[in-house]
Amino acid sequence: MPVLKCYYDLLSQPSRAVYIFLKVANIPFQSCPVALRTGEHQTEDFKASMNRFQKVPFIHHGDFKLAESVAIVSYLAREYRDLIPDKWYPAESKAQARVDEYLAWQHVNTRQPCATYFFYKYIIPAMTKSPPDETELAKLESNLVTCLDQLEELWLSPELKYIAGDSISVADIFAASELEQTRLAAYDVTKDRPILKAWLERVREECNPVYSEAHAVLNRLVAKNSQSKL
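Cut-off values and rules
Residues numbered from 1 in each chain as written. Predicted model: local features only at pLDDT ≥ 70, side-chain atom pairs only at ≥ 80, totals over all residues. Heavy atoms only, no water. UniProt positions renumbered as here; feature names shortened; annotations may be inferred. Helix = DSSP H or I, 4+ residues; strand = E, 2+ residues; numbered from the N terminus. Rg over C-alpha atoms; globule rule 2.2 N^0.38 Å. Buried < 20%, exposed > 50% of the residue type's maximum accessible area, 1.4 Å probe, protein only. Polar contact = N/O pair within 3.5 Å; in protein donor to acceptor, adjacent residues only side chain to side chain. Contact = heavy atoms within 4.5 Å. Domains from an automatic or database assignment. Buried area = accessible area lost by both parts, 1.4 Å probe. Salt bridge = Lys/Arg side-chain N within 4 Å of Asp/Glu carboxyl O. Nonpolar A, V, L, I, M, F, W, Y, C, P; charged D, E, K, R; others polar.

Looking at an unreviewed UniProt entry, one finds the protein chain named glutathione transferase and attributed to Dendroctonus ponderosae. UniProt's Subcellular location (unreviewed entry) comment on the protein chain is quoted here verbatim: "Cytoplasm". In its Subunit (unreviewed entry) section, the UniProt entry covering the protein chain states "Homodimer."

Student: Explain the overall build of the protein chain residue by residue, including any values.
Tutor: On a plain count of helices and strands, the protein chain comes out with 9 helices and 4 strands. The order of α-helices and β-strands along the protein chain, N terminus first, is β-α-β-α-β-β-α-α-α-α-α-α-α. For 230 residues, the compact-globule estimate of 2.2 N^0.38 gives 17 Å, and the protein chain sits close to it at 18 Å. When the backbone C-alpha atoms are referred to their principal axes, the protein chain occupies close to 50 × 50 × 30 Å. Taken over 230 residues, the protein chain has a buried fraction of 47%.

Student: How would you summarise the side chain of E178 if you had to cite specific residues and measurements?
Tutor: Along the chain, E178 turns up in helix 6 (residues 170–181). A polar side-chain atom of E178 sits 2.9 Å from a polar atom in the side chain of R111. Leaving out residues up to four positions away in the same chain, E178 has contacts with Q13, P14, Q106, T110, R111 and C114.

Student: Can you tell me about the UniProt feature "domain: GST N-terminal" (unreviewed entry) in the protein chain, naming the residues and giving the values?
Tutor: In the numbering used here, UniProt assigns the "domain: GST N-terminal" (unreviewed entry) feature to residues 2–84. With 35% helix and 20% strand, the stretch residues 2–84 has end C-alpha atoms that lie 17 Å from each other.

Student: Before we move on, could you go through the domain arrangement of the protein chain and cite the residues and values that matter?
Tutor: By domain assignment, the protein chain separates into domain 1 (4–88) and domain 2 (93–228). Counting from both sides, the interface comprises 17 residues of domain 1 and, opposite them, 26 residues of domain 2. Between domain 1 and domain 2, the buried area comes to about 2,000 Å², and carbon and sulfur atoms account for 69% of it. For the interface between domain 1 and domain 2, the tally reads 2 salt bridges. Salt-bridge contacts for E213 lead to K23; the nearest nitrogen and oxygen are separated by 3.8 Å. Connecting domain 1 to domain 2 are 8 residue pairs in polar contact (both at pLDDT 80 or more). With 9 residues, the single largest contributor to the side of domain 1 that touches domain 2 is helix 1 (residues 13–24). Residues belonging to the side of domain 1 that touches domain 2 are distributed by class as follows: 11 nonpolar, 2 polar and 4 charged.

Here it is, written out as structure tokens:
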């Protein structure tokens, strides 16, 4: 089996999802951090030799190069099927289809509203040194609320513990990684949402200590931001 190299930045939501999956699924890999903040991914050499999309995460598996987090997980589940505990990405067709259903749905319905809100409220003000436009921010927050409503109504319920059923899966890792990012924008996705809160606590607990490791940098930034506002 060729050496698997995973390139990631743990401040990237999909990077955290892939990193956590690799660790909890017992897949051996070589960690290759990429610091997006330094712009190393923006060079022509990076584009030519590392990842033509110039984003993270991506993997090099011997001579094979692959980007896009969902495609990476699907590929690794096939390549390392004998190693992976079945719950993370089930081999049974219908159970796997439930996980895939969420992974296909989440791009526009979880990732986009969470990431856009985070970017507009946290990244843009940091870059421009100016507060965000309140009207636009309110619109993006409304989209985020819709996202959380749909997660609770369409994917979670008091009867089911996890997104794709009674067992945790990679679908839960992807969802949680996106929701955690909003904490950098001082938004608590669990406020007045007991179902969502209980689910997120289950995901954190079942994926620990890897989950805490993957979110350590984010947690430090959240704590720093909280202290600066005191």
